[in-house]
2 protein chains.
Amino acid sequence: MLGRLNHVAIAVPDLAAARQQYETMLGAEVTEPQALPEHGVTVVFIKLPNTKIELLEPLGDDSPIGAFLAKNPSGGMHHVCYEVEDILAARDHLKAQGARVLGDGEPKTGAHDKPVLFLHPKDFNGTLIELEQV
Amino acid sequence: MLGRLNHVAIAVPDLAAARQQYETMLGAEVTEPQALPEHGVTVVFIKLPNTKIELLEPLGDDSPIGAFLAKNPSGGMHHVCYEVEDILAARDHLKAQGARVLGDGEPKTGAHDKPVLFLHPKDFNGTLIELEQV
């Protein structure tokens, strides 16, 4: 079921500073910041040869990463995103096995304009897992 | 400088349970557990098409992931590992830019028998970064 690792998301308190750090200190290729008000984040991508890292900064008052940054003010690894071929089949299989899907269980359109779902971190060793249909 | 994402490491309290979950619930290919007493962990790899996930369980009384699991009893994302071509050049560049290298600053032989270094998470948005020379 699990396909490629689409990205690792890292929540950061200061996107401009983090962006510069990955460029200058770590010598990585980083995209320009992209505001996604409908997702409550501003995002940049660090392009690696085999996958990407997403740096996320809260945007607006009701950001989905607001609580995480309140608990982890320096930032931290927020989630991993795996690609799946059929997100509804994946969801039904996972629910039948007892895993909890966040929200109402229906796929939403993610930051990459693809259907996504999030799985409860308590069911997966404290790791928030995003599934993205590709 | 940053090359491929070599792996994402997730610390887990019960490796057998986590292994079965990734196989059965997430339909992933998982290797057999490998005890690495010199590194204080038992490890399995989840093989993805473009990278791998390392699940780590403490081994012995002085495991490097012991404190992390005491703080996060359900487990959680522990570090990300990036490949670099020349780990000494990477280290010297990072130190010159003010980043802190953990330990005595000399590369150690990592779990994959390659030279590795860890960077201080406080310098990188709460994210523990491993560099591995490939």
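- If you look chain A up in an unreviewed UniProt entry, it shows as methylmalonyl-CoA epimerase from Hoeflea phototrophica.
- Checking UniProt for chain A, the heading Sequence similarities (unreviewed entry) contains the comment "Belongs to the methylmalonyl-CoA epimerase family."

**Regarding the relation of the copies chain B and chain A**
Then, in step 1: For these two chains of identical sequence, chain B goes onto chain A by a turn of 180° and a shift of 0.0 Å along the axis, with RMSD 0.0 Å. Here the copies are linked by what is in effect a two-fold axis. Of every C-alpha in chain B, the one belonging to Asn-50 of chain B sits nearest the axis of rotation, 3.0 Å from it.
Then, in step 2: Of all interface residues in chain B, 100% are interface residues in chain A too; the two copies therefore contact each other through one and the same surface.

**Observations concerning the pattern of salt bridges**
Pairing between side chains of opposite charge can happen when the charged atoms of each approach one another.
Residue and element names in this part refer to chain B.
Then, in step 1: Summed over the entire model, instances satisfying the criterion amount to 16 salt bridges over all chains.
Then, in step 2: Measuring nitrogen to oxygen at the nearest pair gives 3.1 Å for the salt bridge that ties Asp-92 to Arg-91.
Then, in step 3: With relative accessibility at 13%, the residue Arg-91 sits in the buried group.
Then, in step 4: The partner of Asp-123 in a salt bridge is Arg-100, with the nearest N and O atoms 2.8 Å apart. Of the two residues, Asp-123 sits in the loop between β8 (115-119) and β9 (129-133) while Arg-100 sits in the loop between α3 (87-96) and β7 (108-109), which places them 23 residues apart along the sequence.
Then, in step 5: What makes Asp-123 buried here is its relative accessible area of 16%.
Then, in step 6: On the basis of relative accessible area, Arg-100 is assigned to the partly exposed category, the value being 43%.

**Focus: the pairing of β8 of chain B**
The side chains of a regular strand alternate between the sheet's two faces.
All names here are of chain B.
Then, in step 1: Strand direction decides the pairing type here: β7 and β8, joined by 2 bridges, are antiparallel. Residue pairing for β8: Thr-109 is matched across the bridge by Pro-115.
Then, in step 2: Between β7 and β8, which follow one another and run antiparallel, lie 5 residues, and Asp-113 among them has a positive phi close to 60°.
Then, in step 3: With 4 bridges connecting them, β8 and β9 associate as antiparallel partners. Residue pairing across strands places Phe-118 opposite Glu-130, the latter belonging to β9.

**Remarks on the side chain of Glu-83 of chain B**
All names here are of chain B.
Then, in step 1: Mapped onto the elements of the fold, Glu-83 is located in strand β6 (residues 76-84).
Then, in step 2: For Glu-83, a relative accessible area of 10% puts it in the buried group.
Then, in step 3: Looking at Glu-83, its side chain comes within polar contact range of the side chain of Asn-6, at 2.8 Å.
Then, in step 4: Setting aside its immediate chain neighbours within four residues, Glu-83 contacts Met-1, Leu-2, Gly-3, Arg-4, Asn-6, Glu-132 and Val-134.

Reading the values: rules and limits
- Residues numbered from 1 in each chain as written.
- Chains lettered and ligands numbered in written order.
- Predicted model: local features only at pLDDT ≥ 70, side-chain atom pairs only at ≥ 80, totals over all residues.
- Heavy atoms only, no water.
- UniProt positions renumbered as here; feature names shortened; annotations may be inferred.
- Least-squares fit on C-alpha atoms with pLDDT ≥ 70 in both.
- Contact = heavy atoms within 4.5 Å.
- Salt bridge = Lys/Arg side-chain N within 4 Å of Asp/Glu carboxyl O.
- Buried < 20%, exposed > 50% of the residue type's maximum accessible area, 1.4 Å probe, protein only.
- Helix = DSSP H or I, 4+ residues; strand = E, 2+ residues; numbered from the N terminus.
- Pairing = 2+ DSSP bridges.
- Polar contact = N/O pair within 3.5 Å; in protein donor to acceptor, adjacent residues only side chain to side chain.

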